[in-house]
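As a plain string of letters, each chain reads:
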Amino acid sequence: MIVITAPTSTIGRLLVDDLLDRGAKLRLVARNSSRLAPEVRARAEVVEGSHGDAAVIDRACAGAEAAFWLAPDDGNAPSTEASYVDFTRPATAAFARHGVERVVAITALGRGTPLAGHAGLVTSSLAMCDLIAAAGVAFRAVACPSFMHNLLNQVRAIKEQGMFFMMTDPDLKAPTVATRDVAATAARLLLDDSWEGAGQVACLGPEDLSPNDMARIISEVLGTEIGYQQITGAAFKERMAGFGMTDAMAQGMVDMFDAKNQGLDNAEARTAESTTPTTFRQWCEEVLKPAVTA
């Protein structure tokens, strides 16, 4: 039995489909089970509720061998620590209580770097992983740079302004990864019962790209000129606040991108294992272009 948290998230949906196709026995923890596809509900157990709720996650972990952990994006959280560490505390107790053997979690790059302690959301995500590792389970953190998928938040700007906007230095080359590759890595780890101890598995995509590189590729795929504009931390924070994000979480986002601009995502050495297959061009052709032209 494998417990899957956030099964309707971008990564979670892909992971659930992959594991079910491989015949895995799944128990899904979902706030709203109606968001699960009917064929998924028919093939997996469902525990309804938040995986940050002690009673819910305790019920989900009973008799489970492994678990996939993904802390949800919570713009309403009072702090980044509350969003990641405090949210995860009930789960670590449940893992220990029920003897869950292996846990795989999604986190960020930057562990062991001088920037890791001052990187907003990243700092708290890494602390979350330390908390899980201390629960006595075998643990793997799937460490990721920014997701290609995040550009879907810019579809309207791309369509209406021919631009996309981020805090990132326009010429900073850094890794970026497709969520499908992250899900595939998590599935591989969850189905493999041979590993033990605590460690990290990085997913870096196949190449490092700058925002200007991305703009060129997007332009070529869409057949129209798309530009990139860097925005200030203050402007980005104001935008996040406009979406209803708390001041602490908005500042956590700004601190994260400040750290990325200083090389947070560039410290991880690229290896054959950490180099994942989906190129940014392929992702643009298969995901971004249909979203923009819809």
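Scroll up a little and you will see the structure.
Below is a short write-up of the structure. (Residues numbered from 1 in each chain as written. Predicted model: local features only at pLDDT ≥ 70, side-chain atom pairs only at ≥ 80, totals over all residues. Heavy atoms only, no water.)

Description of the packing of aromatic side chains
For step 1, the next point in the chain: Evaluated as defined, the whole model comprises five aromatic pairs.
For step 2, the next point in the chain: Taking the centre distance of 5.5 Å and the plane angle of 80° together, the rings of Phe236 and Phe257 count as edge-to-face. With a gap of 21 residues between them, Phe236 in helix 9 (residues 233–242) and Phe257 in helix 10 (residues 247–261) connect regions that are remote in the sequence.
For step 3, the next point in the chain: Here the aromatic rings of Phe280 and Trp283 are separated by 6.0 Å at their centres, their planes lie at 25°, and the arrangement is stacked. (Phe/Tyr/Trp six-rings, centres within 6.5 Å; stacked < 30°, edge-to-face > 60°. Helix = DSSP H or I, 4+ residues; strand = E, 2+ residues; numbered from the N terminus.)

Details of the environment of Ala184
For step 1, the next point in the chain: Mapped onto the fold, Ala184 is located in helix 7 (residues 179–191).
For step 2, the next point in the chain: Measuring from C-alpha to C-alpha, the distance between Ala184 and Leu14 comes to 8.1 Å, with 170 residues separating the pair along the chain.

Considering unusual backbone geometry
For step 1, the next point in the chain: Look at Ala6: it is not a glycine, yet its phi comes out positive at around 50°.
For step 2, the next point in the chain: For Ala6, the position within the fold is in the loop between strand 1 (2–5) and helix 1 (10–21).
For step 3, the next point in the chain: Judged by relative accessible area, which is 14%, Ala6 ranks as buried. (Buried < 20%, exposed > 50% of the residue type's maximum accessible area, 1.4 Å probe, protein only.)

A look at the pattern of salt bridges
For step 1, the next point in the chain: Enumeration over the complete set of coordinates arrives at 16 salt bridges.
For step 2, the next point in the chain: Put simply, Glu286 and Arg180 hold a salt bridge, and the shortest N to O gap is 2.8 Å. Placement of Glu286 in helix 11 (residues 280–293) and of Arg180 in helix 7 is noted, with a sequence separation of 106 residues between them.
For step 3, the next point in the chain: A relative accessible area of 43% places Glu286 in the partly exposed class.
For step 4, the next point in the chain: Note on Arg180: relative accessible area 29%, which makes it partly exposed.
For step 5, the next point in the chain: In this structure, the salt-bridge partner of Arg281 is Glu220, at a minimum N-O distance of 2.5 Å. Here the residue Arg281 occupies a position in helix 11, and Glu220 occupies one in helix 8 (residues 211–222), the gap between them amounting to 61 residues. (Salt bridge = Lys/Arg side-chain N within 4 Å of Asp/Glu carboxyl O.)

Observations concerning the side chain of Thr185
For step 1, the next point in the chain: Secondary-structure assignment places Thr185 in helix 7.
For step 2, the next point in the chain: Once residues lying within four places of it in the same chain are set aside, the contact partners of Thr185 are Val142, Val201 and Cys203. (Contact = heavy atoms within 4.5 Å.)

Things to note about the packing of helix 1 against helix 7
When two helices pack together, their arrangement is given by the angle between the helix axes and by the axis-to-axis distance.
For step 1, the next point in the chain: The contact between helix 1 and helix 7 brings their axes to 8 Å, and the two run at 50°. By the angle class used here, helix 1 and helix 7 are oblique. Where helix 1 crosses over helix 7, the handedness of that crossing is right-handed. Taken together, the residues of helix 7 that come into contact with helix 1 (itself represented by Thr10, Ile11, Leu14, Leu15, Asp18 and Leu19) are Thr179, Arg180, Val182, Ala183, Ala184, Ala186, Ala187, Leu190 and Leu191.
For step 2, the next point in the chain: Split by residue class, the contact of helix 1 with helix 7 holds 11 nonpolar, two polar and two charged. (Axes fitted to C-alpha atoms, helices over the stretch in contact; angles between N-to-C directions. Parallel < 35°, antiparallel > 145°, perpendicular 65-115°, else oblique. Left-handed = near helix turned anticlockwise from the far one by under 90°. Nonpolar A, V, L, I, M, F, W, Y, C, P; charged D, E, K, R; others polar.)

Points about the environment of Ala272
For step 1, the next point in the chain: Secondary-structure assignment places Ala272 in the loop between helix 10 and helix 11.
For step 2, the next point in the chain: Accessibility expressed as a relative area gives 76% for Ala272, which makes it exposed.
For step 3, the next point in the chain: For the pair Ala272 and Thr8, spaced 264 residues apart in sequence, the C-alpha separation works out to 30 Å.

A few points about the state of the cysteines
For step 1, the next point in the chain: Considering all chains together, one arrives at zero disulfides under this definition.
For step 2, the next point in the chain: The thiol of Cys129 is not disulfide-bonded; the next cysteine sulfur, from Cys144, is found 10 Å away.
For step 3, the next point in the chain: Considering cysteine sulfurs only, Cys203 is the nearest to Cys144, which forms no disulfide, with 5.1 Å between them.
For step 4, the next point in the chain: According to the relative accessible area criterion, Cys144 is buried, its value standing at 3%. (Disulfide = S-S within 2.5 Å.)

With respect to the pairing of strand 4 (residues 66–69)
For step 1, the next point in the chain: By the alternation rule, side chains of strand 4 split into Ala66 and Phe68 and Ala67 and Trp69, which are all buried.
For step 2, the next point in the chain: Two elements, strand 1 and strand 4, share three bridges in a ladder whose sense is parallel. Counterpart to Ile4 in the pairing with strand 4 is Phe68.
For step 3, the next point in the chain: Strand direction decides the pairing type here: strand 4 and strand 5 (residues 102–108), joined by four bridges, are parallel. Bridge pairing links Ala66 to Arg102 in strand 5.
For step 4, the next point in the chain: Handedness of the β-α-β unit built from strand 4, helix 4 (residues 80–98) and strand 5 comes out right-handed. (Pairing = 2+ DSSP bridges. Right-handed = clockwise from strand over helix to strand, strands pointing away.)

Some remarks on the pairing of strand 6 (residues 138–144)
For step 1, the next point in the chain: Within strand 6, seven of the seven residues are buried, leaving the element largely enclosed by the surrounding structure.
For step 2, the next point in the chain: Alternating positions in strand 6 separate into two faces, Ala138, Arg140, Val142 and Cys144 on one and Phe139, Ala141 and Ala143 on the other, with burial throughout.
For step 3, the next point in the chain: Where strand 5 and strand 6 come together, seven bridges link them in parallel fashion. Paired with Thr107 across the strands is Ala143, a residue of strand 6.
For step 4, the next point in the chain: In this region the chain leaves strand 5, passes through helix 5 (residues 121–133) and returns to the parallel neighbour strand 6; the handedness of that crossover is right-handed.
For step 5, the next point in the chain: Across five bridges, the pairing between strand 6 and strand 10 (residues 198–202) is parallel.

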